[in-house]
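So the chains spell out like this:
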Amino acid sequence: MSRHSSSEIHRATQATHHQLEREAETVESGFIERGQRGYRPTMLALFLGAFSTFVLLYCVQPLLPILSNAFGIDAATSSLSLSVATGMLAIGLLITGPISDAVGRKSVMTVALLAASICTLLAAVMPNWTGILIMRALAGLSLSGLCAVAMTYLNEEIHPRYVGLSMGLYISGNSIGGMSGRLISGVMVDWVPWRVTLAIIGIVALIAALLFMRWLPPSRHFTPRPLNWRSVLSGFTVHFKDRGLPWLFLEAFLLMGGFVTLYNYIAYRLLSEPYQVSQALVGLLSIVYLSGTYSSAWAGSLADRLGRRRIFWMFIAMMLAGLAITLFEPISLILIGMLVFTFGFFAAHSLASGWVGQRARQAKGQASSLYLFSYYLGSSVAGTLGGAFWFWGGWNGVSLFISVLLLVALAIGVVHLRRLEPA
């Protein structure tokens, strides 16, 4: 046998040996790795959880003009049906994250999905506006149990080589859920009463919660932490001392605030002069969420190769470009602008949320909670405040408000986050 052939065999043997070593390390560590049997049901369960969360949270968004007419309220008051849910979700994140650090991940997420589904069913039968707001608030509070924990579960259980991709796949469930909630309610309400629409969405989410409970594997890397509120406060303090995490929390507030504001008031624009489109068509516009389904997974995979700090700010700039396109009159250009805006948002959110998990060295559940607290607080505050800009300047006023949020976010991305050292 020639020396050349012998060296080839030796290299092949070494490569096989190293591959077997890597596989043995993966099995020994208990991480869930792409290509293994447990990866697909894990991601499917988390996808369903993300899907249900956003369906339940945003199903009322296309209904805002209908709720305005049904209860004789203005746009800002009608938006409270979304804002109270996201606001209570934000508050709940500060509680459920530490609870999950003490009692476990899967149990908290399962109870959250079941409770939110039931609250949505009850909202469908509430006789007055106050009752609806109470049920929406309780649904948002319940959903905090999944939002606070899912990203932590991913960072703990998925092999580090696939966290970026897996986080993107999870967030793609957010985009499909957000699209489906708006699409189902926006289209269905043209055919059945809005109460029936809410009830059907509650039933769909309940089925998804049961499948989630069956498919999600128990945690293997979870280490319980005693529920000591002094240590919880200490954990929050640690995260604010990090050079990057506070800026990521602020980014979450700004980006989500701009995103929800756009979708809250685009329906009012399209239902009024000169468009006067049907409610079903407004719901169908939610199909642009599919761009976020792709961009979140793609951006996560791209970040695994190039690094988040190099590409994060580009997606914020893309959101600004999409917002500018919506200022044109033709409805086709409005749709293109929404498509670009949504693509950029979900890519940026995927990168920022994964970045938080990487930079948090301890109390990862609390870090995720703080990120999502800021995220949904932005939805609640900016989503309602945008109503004042709609009243003041119509779509131009709303666009001005969103532009300010995004320009601040872009400045943070370029000046601070782009210069961060790798975690």
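Since this is a predicted model, take the numbers as computed values, not measurements.

J.: Describe the overall build of the protein chain, and please don't skip the residues or the numbers.
T.: Within the protein chain one finds 16 helices and zero strands. In the protein chain, buried positions account for 56% of the 423 residues. Here the analysis covers contacts within the protein chain between residues at least 6 apart in sequence; of these, 85% occur between residues at least 24 apart. Surface accessibility of the protein chain: about 17400 Å² in total, with carbon and sulfur atoms responsible for 67%.

J.: Could you give me a rundown of the nonpolar core, with the residues and numbers involved?
T.: If you look at the biggest cluster of nonpolar residues, it comprises 125 residues, and the most contacted ones within it are Tyr 170 and Tyr 376. Here Tyr 376 is in contact with Phe 54, Leu 57, Tyr 58, Thr 86, Leu 89, Ala 90, Leu 93, Cys 147 and Met 256, once residues within four sequence places are set aside.

J.: A description of the environment of Met 314 should follow, citing residues and the corresponding values.
T.: Within the secondary structure layout, Met 314 lies in helix H14 (residues 308-325). Under the relative-accessibility criterion, Met 314 is labelled partly exposed at 41%. In this structure, the C-alpha to C-alpha distance between Met 314 and Ala 348, residues 34 residues apart in sequence, is 8.5 Å.

J.: For unusual backbone geometry, give the residues involved together with the corresponding values.
T.: In this structure, Pro 274 follows Glu 273 across a cis peptide bond, with omega equal to 0°. The residue Gln 276 is not glycine, and still its phi comes out positive at about 50°. Tracing the chain through its elements places Gln 276 in the loop between helix H11 (245-271) and helix H12 (279-284).

J.: So what's going on with a nonpolar patch on the surface? Which residues, and what values?
T.: Residues Leu 44, Ile 203, Ile 207, Leu 211 and Trp 215 make up a contiguous nonpolar surface patch of about 410 Å² in total accessible area. Per-element accounting of the nonpolar patch gives the leading share, four residues, to helix H9 (residues 194-215). Position of Leu 44 relative to the elements: it lies in helix H2 (residues 39-58).

J.: Give me the lowdown on the packing of helix H13 (residues 289-306) against H14, citing residues and values where you can.
T.: One can describe the packing of H13 onto H14 by two numbers: an axis separation of 8 Å at closest approach and a directional angle of 145°. Residues Trp 298, Ala 299, Leu 302, Ala 303 and Leu 306 of H13 form the contact with H14, whose own contacting residues are Arg 308, Arg 310, Ile 311 and Phe 315.

J.: Summarise the environment of Ser 374; cite the residues concerned and give the values.
T.: Residue placement: Ser 374 occurs in helix H16 (residues 364-415). Its relative accessible area of 13% is what places Ser 374 among the buried residues. When the C-alpha positions of Ser 374 and Gly 87 are compared, they lie 9.9 Å apart, and in sequence the two are 287 residues distant. Those residues within four positions of Ser 374 in sequence are excluded, and the remaining contacts are Phe 249, Ala 252 and Phe 253.

J.: Give a description of the confidence of the model for the protein chain that names residues and reports values.
T.: Of all residues in the protein chain, 89% attain a pLDDT of 70 or more, and the chain-wide mean is 82. Ranking the elements of the protein chain by mean pLDDT puts helix H1 (residues 3-29) last, at 45, and H14 first, at 93.

J.: So what about helix H3 (residues 64-71)? Which residues, and what values?
T.: Inspection of H3 places Leu 64, Pro 65, Leu 67 and Ser 68 among the buried residues, and these make up the whole buried set. In a view along the axis of H3, the buried residues occupy a sector of 160°, so they form one face of it. Those residues of H3 hidden inside the fold are in contact with helix H4 (75-78), helix H5 (80-103), helix H7 (129-157), H9 and H11. Among the residues trailing H3, Gly 72 stands out with phi positive, at a value near 65°.

J.: Can you explain the packing of H14 against helix H15 (residues 331-359)? Please cite residues and give values.
T.: Between H14 and H15, the shortest axis-to-axis distance is 7 Å and the interhelical angle comes to 155°. Taken together, the axes of H14 and H15 are roughly antiparallel relative to one another. For the pair H14 and H15, the crossing hand works out as left-handed. Of the residues in the contact of H14 with H15, the class split is 17 nonpolar, five polar and two charged.

J.: Tell me about the pattern of salt bridges, and name the residues and values.
T.: A full pass over the atoms with the stated rule returns one salt bridge. Between Arg 359 and Asp 242 there is a salt bridge whose closest N-O contact spans 2.9 Å. Separated by 117 residues along the polypeptide, Arg 359 in helix H15 and Asp 242 in the loop between helix H10 (229-240) and H11 bring together distant segments of the chain. This pair shows no difference in class: Arg 359 is buried, exactly as Asp 242 is.

J.: Describe in detail H13, supporting the description with residues and values.
T.: Across its 18 residues, H13 extends 25 Å between first and last C-alpha, which sits within 8% of the 26 Å expected from 1.5 Å per residue. Within H13, burial applies to Tyr 289, Ser 291, Gly 292, Thr 293, Ser 295, Ser 296, Ala 297, Ala 299, Gly 300, Leu 302 and Ala 303. Positive backbone phi, at 100°, marks Gly 307, one or two positions downstream of H13.

J.: Describe the packing of aromatic side chains, listing the residues and the values that go with them.
T.: With the rule as written, the count across this model stands at 21 aromatic pairs. Here Phe 54 and Tyr 58 contribute two aromatic rings whose centre-to-centre distance is 5.3 Å and whose plane-to-plane angle is 45°, an arrangement assigned as tilted. Separated by four residues within a single helix, Phe 54 and Tyr 58 lie in helix H2, roughly one turn from each other. The residues Phe 54 and Tyr 58 share a single accessibility class, namely buried. Taken together, a centroid distance of 5.0 Å and an interplanar angle of 50° make the contact between Phe 259 and Tyr 263 tilted. Of the two residues, Phe 259 and Tyr 263 both sit in helix H11, four residues apart, roughly one turn of that helix. For the residue pair Phe 259 and Tyr 263, the accessibility class agrees, reading buried in each case. Through a chain of ring-to-ring contacts, the aromatic side chains of Phe 259, Tyr 263, Phe 341, Phe 345, Phe 346, Tyr 371, Tyr 375 and Tyr 376 assemble into a single cluster.

J.: I'd like to hear about the environment of Val 356, residue by residue, with values.
T.: Within the secondary structure, Val 356 is located in helix H15. A residue is classified by how much of its surface remains accessible, and Val 356, at 1% relative accessible area, is buried. Separated by 117 residues in the primary sequence, Val 356 and His 239 have C-alpha atoms spaced 9.7 Å apart.

Conventions used here
- Residues numbered from 1 in each chain as written.
- Predicted model: local features only at pLDDT ≥ 70, side-chain atom pairs only at ≥ 80, totals over all residues.
- Heavy atoms only, no water.
- Helix = DSSP H or I, 4+ residues; strand = E, 2+ residues; numbered from the N terminus.
- Buried < 20%, exposed > 50% of the residue type's maximum accessible area, 1.4 Å probe, protein only.
- Contact = heavy atoms within 4.5 Å.
- Areas by Shrake-Rupley, 256 points an atom, 1.4 Å probe, with all protein chains shown as cover.
- Core = buried A, V, L, I, M, F, W, Y, C linked by side-chain atoms within 4.5 Å.
- Patch = residues over 30% accessible without salt bridge, like charges linked within 9 Å, V, L, I, M, F, W, Y side chains within 5 Å.
- Salt bridge = Lys/Arg side-chain N within 4 Å of Asp/Glu carboxyl O.
- Axes fitted to C-alpha atoms, helices over the stretch in contact; angles between N-to-C directions.
- pLDDT = per-residue confidence, 0-100.
- Arc of directions from axis to C-beta.
- Parallel < 35°, antiparallel > 145°, perpendicular 65-115°, else oblique.
- Left-handed = near helix turned anticlockwise from the far one by under 90°.
- Nonpolar A, V, L, I, M, F, W, Y, C, P; charged D, E, K, R; others polar.
- Expected span 1.5 Å × (residues − 1).
- Phe/Tyr/Trp six-rings, centres within 6.5 Å; stacked < 30°, edge-to-face > 60°.

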